[in-house]
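Next come the chains, spelled out residue by residue.
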2 protein chains.
Amino acid sequence: MPRVAVDVMLKREILDPQGQAVERALPSLGFAGVSDVRIGKHVELTVSDGDGEQAARQVAEALLANPVIEEFSVRLLPD
Amino acid sequence: MPRVAVDVMLKREILDPQGQAVERALPSLGFAGVSDVRIGKHVELTVSDGDGEQAARQVAEALLANPVIEEFSVRLLPD
């Protein structure tokens, strides 16, 4: 049965304080040169029949993503 | 500059109440046949030089994932 991943991210123009917090912590941990950190949700689900990507897209629209501030992408995971 | 995604998930054997909540809400929203929902973090970051995947893996180990209960995967995003 297909396993599908949905990545939900804040839209580009929306401030991401969680990402900023990680980005600011990195230099003191010895990581230079890492920038533009954005943090979102990663959802994996199994679809029992039909078009897994299509079903996952509908689930994301209905439940996982807030279309006002978030966007999402869907991809099939390898078996 | 390479943009890298890090997906951080709870380990298989760790209970995922957030995923369970989504899974239980789906039938009443008209989605049958979706199971085994797991929810984690999706982090995207830009690495200015060197091996982007390697740098992202080190960032994940140091800051993004708790190795006791979480596992992570790293992949290069298409330009």
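Here the structure is a predicted model, which means the values were calculated and not measured.

S.K.: Can you help me understand the overall build of chain A in this one?
M.R.: For chain A, the helix and strand inventory stands at 2 helices and 3 strands. When the helices and strands of chain A are read in sequence order from the N terminus, they spell out β-α-β-α-β. Seen along its three principal axes, the alpha-carbon backbone of chain A occupies a region of about 50 × 30 × 15 Å. Within chain A, the proportion of its 79 residues that are buried is 43%. Here the analysis covers contacts within chain A between residues at least 6 apart in sequence; of these, 71% occur between residues at least 24 apart. When the accessible surface of chain A is totalled, it reaches about 4,300 Å², and 53% of it is carbon and sulfur. In chain A, 8 positive and 13 negative side-chain charges are present, and the distance between their average locations comes to 5 Å.

S.K.: Would you mind going over helix 2 (residues 52-64) of chain B with me for this structure?
M.R.: Residues spaced three or four apart along an α-helix face the same direction, because each turn holds 3.6 residues. Here helix 2 of chain B is 13 residues long, yet its end C-alpha atoms lie only 16 Å apart, well below the 18 Å a rise of 1.5 Å per residue gives. Turning to helix 2 of chain B, its buried residues number three or more, namely Gly52(B), Ala55(B), Ala56(B), Val59(B), Ala60(B) and Leu64(B). Here the buried residues of helix 2 of chain B occupy an arc of 140 degrees about the axis, which is enough to place them on one side. Close packing links the buried residues of helix 2 of chain B with helix 1 (17-25) and strand 2 (34-47) of chain A together with strand 1 (3-10), strand 2 (34-47) and strand 3 (70-76) of chain B. For helix 2 of chain B, the side-chain oxygen to backbone nitrogen distance between the N-cap and Glu53(B) is 3.0 Å, and the N-cap itself is Asp51(B).

S.K.: Please clarify how the relation of the copies chain B and chain A should be interpreted in this entry.
M.R.: Each of the two chain copies can be generated from the other by rotation about an axis followed by a shift along it. Once turned by 180 degrees and shifted 0.0 Å along the axis, chain B lies on chain A with an RMSD of 0.0 Å. In symmetry terms, the pair is related by a two-fold rotation axis. Comparing interface residues between copies, 100% of those in chain B also lie at the interface in chain A; the contact surface is shared.

S.K.: Quick question: what am I supposed to make of the sheet that holds strand 3 of chain B here?
M.R.: Hydrogen bonding along the main chain pairs the strands of a sheet, whether they run parallel or antiparallel. Ordered in space as 3(A)-1(A)-2(A)-2(B)-1(B)-3(B), the 6 strands form an open sheet in which the pairing is antiparallel. Strands with a single pairing partner mark the edges of an open sheet, and in this sheet they are strand 3 (70-76) of chain A together with strand 3 of chain B. Recorded for the sheet is a direction-independent mean angle of 25 degrees between the axes of neighbouring strands. The strands touched by helix 2 (residues 52-64) of chain A within the sheet are strand 1 (3-10), strand 2 and strand 3 of chain A together with strand 2 of chain B, with strand 3 of chain A carrying the most contacts at an inclination of about 160 degrees.

S.K.: Got a minute to help me understand the confidence of the model for chain A in this structure?
M.R.: Mean pLDDT for chain A: 95, with 100% of residues reaching 70 or above. No element of chain A has a lower mean pLDDT than helix 2 of chain A, at 95, and none a higher one than strand 1 of chain A, at 98.

S.K.: Looking at this model, I keep getting lost on the pattern of salt bridges. Mind explaining?
M.R.: Any two side chains of opposite charge can pair if their charged atoms end up close together. Going through the model one piece at a time under the given rule, you end up with 10 salt bridges over all chains. Among the ionic pairs, Arg75(B) bridges to Asp7(B), the shortest N-O distance being 3.8 Å. With a gap of 68 residues between them, Arg75(B) in strand 3 and Asp7(B) in strand 1 connect regions that are remote in the sequence. Arg75(B) gets classed as partly exposed once you look at its relative accessible area, which sits at 24%. Overlapping salt bridges bring together Arg3(A), Glu44(A), Arg12(B) and Asp36(B) as one network.

Cut-offs applied
Residues numbered from 1 in each chain as written. Chains lettered and ligands numbered in written order. Predicted model: local features only at pLDDT ≥ 70, side-chain atom pairs only at ≥ 80, totals over all residues. Heavy atoms only, no water. Helix = DSSP H or I, 4+ residues; strand = E, 2+ residues; numbered from the N terminus. Buried < 20%, exposed > 50% of the residue type's maximum accessible area, 1.4 Å probe, protein only. Contact = heavy atoms within 4.5 Å. Areas by Shrake-Rupley, 256 points an atom, 1.4 Å probe, with all protein chains shown as cover. Lys, Arg positive; Asp, Glu negative; His and termini not counted. Charge placed at Lys NZ, Arg CZ, Asp CG, Glu CD. Expected span 1.5 Å × (residues − 1). Arc of directions from axis to C-beta. Polar contact = N/O pair within 3.5 Å; in protein donor to acceptor, adjacent residues only side chain to side chain. Least-squares fit on C-alpha atoms with pLDDT ≥ 70 in both. Pairing = 2+ DSSP bridges. Axes fitted to C-alpha atoms, helices over the stretch in contact; angles between N-to-C directions. pLDDT = per-residue confidence, 0-100. Salt bridge = Lys/Arg side-chain N within 4 Å of Asp/Glu carboxyl O.

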